[in-house]
Amino acid sequence: MVTNRFINLSHKDKSRRVQIRRGCPQGGILSPFLWNLVVDDLLSFTAKDIPGYLQAFADDLASLAEGNDLDIIWNRTCKTINTIEKWCQTKDLSISALKTQIVMFTWNTKWTLRPIKVGNNIIGLSKSAKFLGVTLDSKLNYNEHIINITKKATASLMQCRRAVGPTWGMSPKTCIWMFTAVIQPILSYCCSIWIRAIDTDYNARKLKRVQALALRMMSGAMPSTPFLALNHLTDTPDTILFLRGEAAKGAARLQAYGSLTLETIAHRKGTIKNHTTINKQFMEDLNIPPRATRDLTAPTMMLGRHFTVTTPGTNNTEYRTALQHTIDNITSETITCYTDGSLSDSGSGAGYIITTDNNNTILEERSFKLPDYCTVYQTELTAIIEACKYLSSYTNSHIIIWSDSLSSIQAISSLSTRSRTTRDCYDTLNALGSNNTLEIRWIAAHIGLWGNEKADELAKLGTTSEHVLKCPIPQSYIKRQINNKVHRLNQDIWLTDGLRHTKLTLGQKHTKIINNINTSLINNRQDYRTAVHLITGHCGLNKHLHTIRKSSTSACPMCGDGEETVSHFLGQCPAIAQLRGQYFRDYYLSVNDIFDNHHITTIVNFTNRTKRLIVPEELDQTGVT
């Protein structure tokens, strides 16, 4: 792999074949491991040689030297660089001076630092440095990072903009998918670290404008349409609240891994509030037990398995047909155990039944309740754990554990896991399998097999039990709690802020109307745009066009009687009263009666029939739509 590699170089009409004598093959499976074998030696240096913090990610090195005196910082930095250079010489490597950046992180503006050399090159101080996708500026306010990610997200949106027009192009469903799948990950990348940057209005406005641009592209709304109205109509959380939620999820994940270092110095006036404190405060009022163990852990290997696993083959029908025959022909000395988990409105539960003599002798049956936050996956694994605890006194026996949870069986047969419950189940099975012949087999559910039906009955009984077993908190529960808080805070903004016309139009049934919009019209760009225009009032009717100085009059052109508002157009204009009667079964109505008692598709069809909301081409060219 190292000696027999060639590359072909082509330039104009010349080509050359060159043999590669060093380096790791790009994209090779072993390449990261081979490089780690080399660079791990550098990371093992003590503070005597590298007086500071050193971190490596592939071939990127980050070194941090700190102190209260500039001379001390300079000496520590130079010593670290010299140590790395000497190590590189022993490995036939070198530091790239062009890619090396030095940043002084300080709020003090009156300081000077002596030149720092890398090899024969003097490296000047930079105001910021980009490390693993995050721009670290000298004051750690992350303003430059916000500028960079908003530019990148806007550029991505502009590439999509060419395929979208006011009434043509990608559907709203496709547009919102692109926003959530592409744009939001760009904005939220590593936000757990720079979350305090959104406390400034300058950064918050930049982030909100990206979302407003995306939602206008999706809905075809006018530029004057309020951000909050678009957020509410498209069922999209406010950008700032979304980022706070994502930052809290990241902090919860790091805390589960044991990699989150909390702030130890109390915050006081004039100091920076640490991002760990901000994330901790966001999660304080969530219904998460503070001392409970987290199910999510750092990846761990599961090797040296002392049990066998049998899962259904490709032909599931034949496998299920043979299950009953297999169970009936198990030897009478074999101990069989059926496990199951349940999740219902009454809570989480699990149960197992252990038999022998071909299910004729019951050795033990048990049901138990788990905390309500547990997942079905955890209940299935906990049932296996508890069954193994009962069977731990057996030795030199043939034991078969039947489970109808294919995902659980696949998890314990994997080579690695991130779940503490899975790891505990694996260890318990391994301990039992070291003294017995242990098999884990999949059994089809709800096809009338006695053992599985009995275990299912016990699991459902366990959901109402009074005795509750301890169980780690799953990451999915924490995410759900965070999402609920973001949704609740988003609703508070909707209730407290303005949006008089939008709230008046939607009335008390705003949730139902929004659900209808995002289900019935989500695949029709023109109809979705019409609905947004009518609800927000920012549309091609004369009242709004006159307000934004795109029309010389606010009067209704069809009847000439009063201003052409949405209320007048939909419910009061006498010129279209006959048409209104055909669609709404009444000739004159209030806008609330129309939206409360008629489906949004009926309202849009009526509007399209009048052809009144078609904005003139000259207004499209001025950027109104």
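Just above, that's the structure.
Keep in mind the model is a prediction, meaning the values are calculated, not measured. (Residues numbered from 1 in each chain as written. Predicted model: local features only at pLDDT ≥ 70, side-chain atom pairs only at ≥ 80, totals over all residues. Heavy atoms only, no water.)

Considerations on the overall build of the protein
A count of helical and extended segments in the protein gives 24 helices and 18 strands. Rg of the C-alpha trace for the protein: 33 Å, well past the compact-globule value of 25 Å for 625 residues, more than 25% over. Of all 625 residues assigned to the protein, the portion counted as buried reaches 44%. Carbon and sulfur atoms provide 51% of the accessible area of the protein, an area that totals close to 33700 Å². Averaging the coordinates of the 69 positive side-chain charges in the protein and doing the same for the 53 negative ones gives two points 11 Å apart. (Helix = DSSP H or I, 4+ residues; strand = E, 2+ residues; numbered from the N terminus. Rg over C-alpha atoms; globule rule 2.2 N^0.38 Å. Buried < 20%, exposed > 50% of the residue type's maximum accessible area, 1.4 Å probe, protein only. Areas by Shrake-Rupley, 256 points an atom, 1.4 Å probe, with all protein chains shown as cover. Lys, Arg positive; Asp, Glu negative; His and termini not counted. Charge placed at Lys NZ, Arg CZ, Asp CG, Glu CD.)

Overview of unusual backbone geometry
Residue Asn396 is not a glycine yet carries a positive backbone phi of 55°. Its place among the elements puts Asn396 in the loop between helix 11 (376-391) and strand 16 (398-403). A relative accessible area of 75% places Asn396 in the exposed class. Backbone geometry places Arg549, a non-glycine residue, at a positive phi of 65°.

Points about a nonpolar patch on the surface
A contiguous nonpolar surface patch, about 310 Å² in accessible area, is contributed by Leu30, Phe33 and Leu37. Its location among the elements puts Phe33 in helix 1 (residues 31-43). A relative accessible area of 47% places Phe33 in the partly exposed class. (Patch = residues over 30% accessible without salt bridge, like charges linked within 9 Å, V, L, I, M, F, W, Y side chains within 5 Å. Salt bridge = Lys/Arg side-chain N within 4 Å of Asp/Glu carboxyl O.)

Describing helix 18 (residues 525-536)
Its 12 residues place the ends of helix 18 17 Å apart at the C-alpha level, agreeing with the 16 Å of an ideal helix rising 1.5 Å per residue. Counting buried positions along helix 18 gives 11 out of 12 residues, so the element sits mostly inside the fold. Two or three places before Gln526, at the opening of helix 18, Asn524 has a side-chain oxygen 3.2 Å from that residue's backbone nitrogen. At the exit of helix 18 stands Gly537, carrying a positive phi of roughly 80°. (Expected span 1.5 Å × (residues − 1). Polar contact = N/O pair within 3.5 Å; in protein donor to acceptor, adjacent residues only side chain to side chain.)

Side note on the nonpolar core
Trp194, Leu207, Leu534, Leu570, Phe595, Ile600 and Ile603 are the most contacted members of the largest nonpolar core, which totals 68 residues. Ranked by size, the runner-up nonpolar core spans 55 residues in total, among them Ala252, Ile412, Leu429 and Leu449. (Core = buried A, V, L, I, M, F, W, Y, C linked by side-chain atoms within 4.5 Å.)

Quick look at the packing of aromatic side chains
All told, the structure shown has 7 aromatic pairs when counted by the stated rule. Summarising the aromatic geometry, the rings of Tyr338 and Trp450 are spaced 6.4 Å apart at their centres and angled 90° between planes, so their arrangement reads as edge-to-face. Of this pair, Tyr338 sits in strand 13 (residues 335-344) while Trp450 sits in helix 14 (residues 450-462), placing them 112 residues apart in sequence. Taking the relative accessible area as the measure of exposure, Tyr338 reaches 2% and is therefore buried. Owing to a relative accessible area of 40%, Trp450 belongs among the partly exposed residues under this scheme. Both rings, one in Tyr352 and one in Phe368, keep their centres 6.4 Å apart while their planes meet at 55°; by these two values the pair is tilted. One end of the pair, Tyr352, is in strand 14 (residues 347-356); the other, Phe368, is in strand 15 (residues 361-370), with 16 residues separating them in the sequence. Take Tyr352 and Phe368: they sit in the same class, and that class is buried. (Phe/Tyr/Trp six-rings, centres within 6.5 Å; stacked < 30°, edge-to-face > 60°.)

So, the packing of helix 6 (residues 201-219) against helix 8 (residues 239-257)
Each pair of packed helices gets described by two things: the angle between the helix axes and the distance between those axes. Contact geometry for helix 6 and helix 8: axes closest at 9 Å, N-to-C directions at 105°. By the angle class used here, helix 6 and helix 8 are roughly perpendicular. Side by side, helix 6 and helix 8 meet where Ala204, Leu207, Lys208 and Gln211 of the first sit next to Thr239, Ile240 and Leu243 of the second. (Axes fitted to C-alpha atoms, helices over the stretch in contact; angles between N-to-C directions. Parallel < 35°, antiparallel > 145°, perpendicular 65-115°, else oblique. Contact = heavy atoms within 4.5 Å.)

Here's the deal with the pattern of salt bridges
Scanning the entire structure with this criterion turns up 15 salt bridges. Arg114 is the salt-bridge partner of Asp71, the closest N and O atoms lying 3.5 Å from each other. With Asp71 in helix 2 (residues 70-90) and Arg114 in the loop between strand 5 (102-103) and strand 6 (116-118), this residue pair connects regions lying 43 residues apart in the sequence. Judged by relative accessible area, Asp71 falls into the partly exposed class, the value being 42%. Given the relative accessible area of 43%, Arg114 is considered partly exposed. Put simply, Glu246 and Lys249 hold a salt bridge, and the shortest N to O gap is 3.1 Å. On the criterion of helical spacing, the pair formed by Glu246 and Lys249 is a turn pair, its members being 3 residues apart in helix 8.

Here's the deal with the sheet that holds strand 15
Pairing is mixed across the open sheet formed by 6 strands, whose spatial order is 12-18-16-13-14-15. This sheet does not close on itself; its edge strands, each paired only once, are strand 12 (308-310) and strand 15. Put simply, the sheet's adjacent strands are angled 15° from each other on average, direction ignored. Strand direction decides the pairing type here: strand 13 and strand 16, joined by 5 bridges, are parallel. Bridged to Thr339 within strand 16 is Ser403. (Pairing = 2+ DSSP bridges.)

Description of the environment of Ile576
Mapping Ile576 onto the fold places it in the loop between helix 20 (566-572) and helix 21 (577-584). The exposure class of Ile576 is buried, given its relative accessible area of 9%. Aside from chain neighbours lying at most four places away, what touches Ile576 is Met558, Phe569, Phe606 and Thr610.

A closer look at the environment of Arg162
With respect to the secondary-structure elements, Arg162 resides in the loop between helix 3 (143-161) and helix 4 (172-188). The exposure class assigned to Arg162 is exposed, which follows from its relative accessible area of 66%. Residues Arg162 and Thr239, 77 residues apart in the sequence, show an inter-C-alpha distance of 24 Å.

Some points on helix 13 (residues 420-433)
The terminal C-alpha atoms of helix 13 lie 20 Å apart, and with 14 residues this matches the ideal 20 Å at 1.5 Å per residue to within 8%. Of all the residues in helix 13, the buried ones are Thr421, Thr422, Cys425, Tyr426, Thr428, Leu429, Asn430, Leu432 and Gly433. Against helix 11, strand 16, helix 12 (406-412), strand 17 (416-419) and strand 18 (437-442) lie the buried residues of helix 13. Measuring from the backbone nitrogen of Thr421 back to the side-chain oxygen at the start of helix 13 gives 3.4 Å, which picks out Ser419 as the cap.

These figures come from the coordinates and say nothing about function on their own.
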